[in-house]
Amino acid sequence: MTGVPASAAGGSSGAQGARGPAAAADGVASEVSGSASAEGATGSEGRPARGGKIAAAAVNQASVWNVANLLTMLRLVLVPGFVALMLADGGYDPAWRSLAWAAFAIAMITDLFDGHLARTYNLVTDFGKIADPIADKAIMGAALICLSSLGDLPWWVTVVILGRELGITLLRFLVIRYGVIPASRGGKLKTLTQGVAVGMYVLALTGWLATLRFWVMAVAVVLTVVTGLDYVRQAIVLRRRGIAERAAALEEKDS
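Bear in mind the structure is a predicted one, so any value in this text is a computation, not a measurement. (Residues numbered from 1 in each chain as written. Predicted model: local features only at pLDDT ≥ 70, side-chain atom pairs only at ≥ 80, totals over all residues. Heavy atoms only, no water.)

**What to know about helix H7 (residues 185-202)**
- Between its terminal C-alpha atoms H7 stretches 26 Å, which fits the 26 Å expected from 18 residues at 1.5 Å a residue.
- Every buried residue of H7 is accounted for by Gly187, Lys190, Thr193, Gln194, Gly195, Ala197, Val198, Gly199, Met200, Tyr201 and Val202.
- Looking at the buried positions of H7, the neighbouring elements they touch are helix H3 (67-87), helix H4 (94-120), helix H5 (126-149), helix H6 (155-175) and helix H8 (208-254). (Helix = DSSP H or I, 4+ residues; strand = E, 2+ residues; numbered from the N terminus. Expected span 1.5 Å × (residues − 1). Buried < 20%, exposed > 50% of the residue type's maximum accessible area, 1.4 Å probe, protein only. Contact = heavy atoms within 4.5 Å.)

And the structure:
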């Protein structure tokens, strides 16, 4: 007979049997590897991978360094510089006061542009939301306190303006759960009038210009009080409306 020996046949079959499990193992390993790769890319249940989230967060964080936020940072940096110029040489040197006015004017001008740029070009960031009002209050507060400490402006004017600004800021945070109090035209006019009045006081003016700045500041104080009371009214209305809407929503849910 010319048949294949049993030992050889058995060896061949054993080799095939050995290669079969090995190939199956390789296939399983490939599937597991592919599954792990897919899961690493998309995460479990189709969620983005952790690395993807970190990368996205890094991109969003980089957007903090935009032109609107840089203008806000410039205002913050100008505050100590303004104070140093304002109080240089006793605080009454016309040349130093002129330089202080230039710093104050730059800060006020950038305040007009940073918010507009952020809204127009979608550059709004959490940093800007926090830093912008801080920069506004810082430069105005520094100017008012310096003027009152030098005797150029009565302290009660500084207390009224800063008290109103800080009070309205706190009020906005208290009612933010019910909605946002929008900026009014009166509030914008108040800001403009305050800036002009304080700027005129920073300069060492005499004669009729000194008289004019008194009346500009008087208008600024009146607008400060009137718009402050209007914000309080809006906050009360907003809170009552929010409470009523929540109560109506709860009644509808219960029914």
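**A look at a positive patch on the surface**
- A cluster of basic side chains, namely Arg177, Arg239, Arg240 and Arg246, defines a positive patch on the protein surface.
- Assignment of secondary structure puts Arg239 in helix H8. (Patch = residues over 30% accessible without salt bridge, like charges linked within 9 Å, V, L, I, M, F, W, Y side chains within 5 Å. Areas by Shrake-Rupley, 256 points an atom, 1.4 Å probe, with all protein chains shown as cover. Salt bridge = Lys/Arg side-chain N within 4 Å of Asp/Glu carboxyl O. Lys, Arg positive; Asp, Glu negative; His and termini not counted. Charge placed at Lys NZ, Arg CZ, Asp CG, Glu CD.)

**Section: H5**
- Relative to the 34 Å expected for 24 residues at 1.5 Å per residue, H5 spans 35 Å between its end C-alpha atoms, a close match to the ideal helical length.
- Note on H5: the residue one or two positions beyond its end, Gly151, has a positive phi of about 85 degrees.

**Quick word on the packing of H5 against H7**
- Across the interface, H5 lies against H7 with an axial gap of 10 Å and an inter-helix angle of 40 degrees. Considering the angle they form, H5 stands oblique to H7. Judged by the sense of rotation from one axis to the other, the crossing of H5 with H7 is left-handed. Across from Met140, Ala143, Leu144 and Leu147 in H5, the residues of H7 making contact are Gln194, Gly195, Val198, Tyr201 and Val202.
- When grouped by side-chain class, the residues that make up the contact of H5 with H7 number seven nonpolar, two polar and no charged. (Axes fitted to C-alpha atoms, helices over the stretch in contact; angles between N-to-C directions. Parallel < 35°, antiparallel > 145°, perpendicular 65-115°, else oblique. Left-handed = near helix turned anticlockwise from the far one by under 90°. Nonpolar A, V, L, I, M, F, W, Y, C, P; charged D, E, K, R; others polar.)

**Some words on the nonpolar core**
- Core analysis: the largest hydrophobic core is formed by 30 residues, its most contacted members being Phe82, Met86, Phe104, Val198 and Met217.
- Those elements giving two or more residues to this core turn out to be H3, H4, H5, H6, H7 and H8.
- Take this core: its biggest share by element is seven residues, from H5.
- Core analysis: the second largest hydrophobic core is formed by seven residues, Ile168, Tyr231, Ala235 and Leu238 among them. (Core = buried A, V, L, I, M, F, W, Y, C linked by side-chain atoms within 4.5 Å.)

**Here's the deal with the packing of aromatic side chains**
- Within this structure, the stated rule accounts for two aromatic pairs.
- Relative to Phe104, the ring of Phe82 has its centre 6.0 Å away and its plane inclined at 45 degrees; by these criteria the two rings are tilted. Taken together, the residues span a long stretch of sequence, with Phe82 in helix H3 and Phe104 in helix H4 at a distance of 22 residues. Pair check on accessibility: Phe82 and Phe104 agree, each one buried. (Phe/Tyr/Trp six-rings, centres within 6.5 Å; stacked < 30°, edge-to-face > 60°.)

**With respect to the pattern of salt bridges**
- As enumerated under the stated definition, the model contains eight salt bridges in all.
- Its salt-bridge partner being Arg97, residue Asp152 comes within 2.9 Å of it at the nearest N-O pair. With Asp152 in the loop between H5 and H6 and Arg97 in helix H4, the pair connects residues that are 55 residues apart, well separated along the chain.
- A salt bridge links Asp230 to Arg233; the shortest N-O distance between them is 3.0 Å. Taken together, the residues span about one helical turn, with Asp230 and Arg233 both in helix H8 at a distance of three residues.
- Of the residues examined, Arg233 reaches a relative accessible area of 46% and is grouped as partly exposed.
- Taken together, the salt bridges that share partners define one network made up of Arg75, Asp111, Asp114, Asp132 and Asp136.

**Brief notes about a nonpolar patch on the surface**
- On the surface, Leu76, Ile130 and Ile134 cluster together to form a nonpolar patch covering roughly 270 Å² of accessible area.
- Structurally, the position occupied by Ile130 is in helix H5.
- Look at Ile130 and you get exposed, because its relative accessible area is 56%.

**Concerning the environment of Val175**
- Relative to the elements of secondary structure, Val175 occurs in helix H6.
- When the C-alpha positions of Val175 and Ile236 are compared, they lie 8.6 Å apart, and in sequence the two are 61 residues distant.
- Excluding its chain neighbours within four sequence positions, the residues that come into contact with Val175 are Ile181, Ala235 and Leu238.

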